[in-house]
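Secondary and tertiary structure notes
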Amino acid sequence: MTATSMDRFTSRREKVSQSCRSLKCEAFLVTHPVNVSYLTGFRGEDSYLLIGPDRTLLLSDTRFEEQIEEECAGLDAELRRPGQTLSEITGMALKKAGCRSVAFEADALTVGGLESLRQHSQAVEWNPQTGQIERLR
């Protein structure tokens, strides 16, 4: 990946981070694969992107470890272990970051997915957003 493309992705993520401030949320959870790719360059599946004020974290699994290193050099990633769910590692990441208010893509996350996230992040208030990332594109 070239420095120009990394700068492009960093700039895109910064816009999402700025939107968190206006939404009065501490972080934004991007769950739609197309939007994860738009913000990182990562083309894998089964991954979320957590964008906070101080850190961006790609949440994925070990199947994509090499691909993440190639496509997202320099981006922090948390990889789930076999038997661990994406909701579990997301909940752990939110707890570690101390997030209490998180915006999410309401049109990309199923009700079941949201309930699973709530189960693993009980201290978090979830703020549904529609089309937020698409407007930035």
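Data block above holds the structure.
None of the values given here were measured: they were computed from a predicted structure.

How each quantity is defined
Residues numbered from 1 in each chain as written. Predicted model: local features only at pLDDT ≥ 70, side-chain atom pairs only at ≥ 80, totals over all residues. Heavy atoms only, no water. Helix = DSSP H or I, 4+ residues; strand = E, 2+ residues; numbered from the N terminus. Rg over C-alpha atoms; globule rule 2.2 N^0.38 Å. Buried < 20%, exposed > 50% of the residue type's maximum accessible area, 1.4 Å probe, protein only. Contact = heavy atoms within 4.5 Å. Areas by Shrake-Rupley, 256 points an atom, 1.4 Å probe, with all protein chains shown as cover. 1 Å grid on protein atoms, 1.4 Å probe; cavity = no way out; pocket = protein on both sides within 12 Å on 5 of 7 lines; lining within 4 Å. Points joined across faces, edges and corners; volume = space filled by probe spheres on them. Nonpolar A, V, L, I, M, F, W, Y, C, P; charged D, E, K, R; others polar. Axes fitted to C-alpha atoms, helices over the stretch in contact; angles between N-to-C directions. Parallel < 35°, antiparallel > 145°, perpendicular 65-115°, else oblique. Left-handed = near helix turned anticlockwise from the far one by under 90°.

1. A word on the overall build of the chain
Each helix and strand in the chain was counted, giving six helices and six strands. Seen in sequence order, the chain has helices and strands lined up from the N terminus as α-β-α-β-β-α-β-α-β-α-β-α. The C-alpha atoms of the chain give a radius of gyration of 14 Å, which matches the 14 Å a tight globule of 137 residues would have. Principal-axis analysis of the C-alpha atoms places the extent of the chain at approximately 40 × 35 × 25 Å. Burial status across the chain gives 47% buried among its 137 residues. Long-range contacts, defined here as pairs at least 24 residues apart, represent 58% of the contacts in the chain between residues at least 6 apart. Within the structure as shown, the chain displays about 7,400 Å² of accessible surface, and the carbon and sulfur contribution to it stands at 47%.

2. Considerations on helix α2 (residues 33–40)
When α2 is considered as a whole, its buried residues turn out to be Asn35, Val36, Tyr38, Leu39 and Thr40. Residue glycine 41 follows α2 closely and has a positive phi angle near 90°.

3. Topic: empty space enclosed by the protein
Applying the stated rule across the entire model yields one cavity of 30 Å³ or more. Considering only enclosed or pocket space, the largest cavity measures out at about 40 Å³ in volume. Forming the walls of the largest cavity are Pro33, Val36, Ser37, Phe42, Gly44, Glu45, Asp46 and Ser47. When its residues are assigned to classes, the lining of the largest cavity shows three nonpolar, three polar and two charged.

4. Considerations on the environment of glutamate 70
Structurally, glutamate 70 can be placed in helix α3 (residues 65–71). Through-space distance from the C-alpha of glutamate 70 to that of isoleucine 89 is 22 Å; in sequence the pair is 19 residues apart.

5. Things to note about the environment of glutamate 65
Assignment of secondary structure puts glutamate 65 in helix α3. Each C-alpha atom, one on glutamate 65 and one on arginine 81, is 12 Å from the other, the two residues being 16 residues apart in sequence.

6. Here's the deal with the packing of helix α4 (residues 86–97) against helix α5 (residues 111–120)
As a packed pair, α4 and α5 sit with axes 8 Å apart at the nearest point and diverge in direction by 45°. By the angle between their axes, α4 is oblique relative to α5. The hand of the α4/α5 crossing is right-handed. Contacts between α4 and α5 pair Ser87, Glu88, Thr90 and Gly91 from the former with Gly113, Ser116, Leu117 and His120 from the latter. Here the contact of α4 with α5 is composed, by residue class, of one nonpolar, six polar and one charged.

7. Some words on unusual backbone geometry
Not every positive phi belongs to a glycine, and lysine 24 is a case in point at roughly 60°. Within the element layout of this structure, lysine 24 appears in the loop between α1 (3–23) and β1 (27–30). Here aspartate 46, not a glycine, exhibits a phi torsion of approximately 50°, which is positive. As for its position among the elements, aspartate 46 is in the loop between α2 and β2 (48–51).

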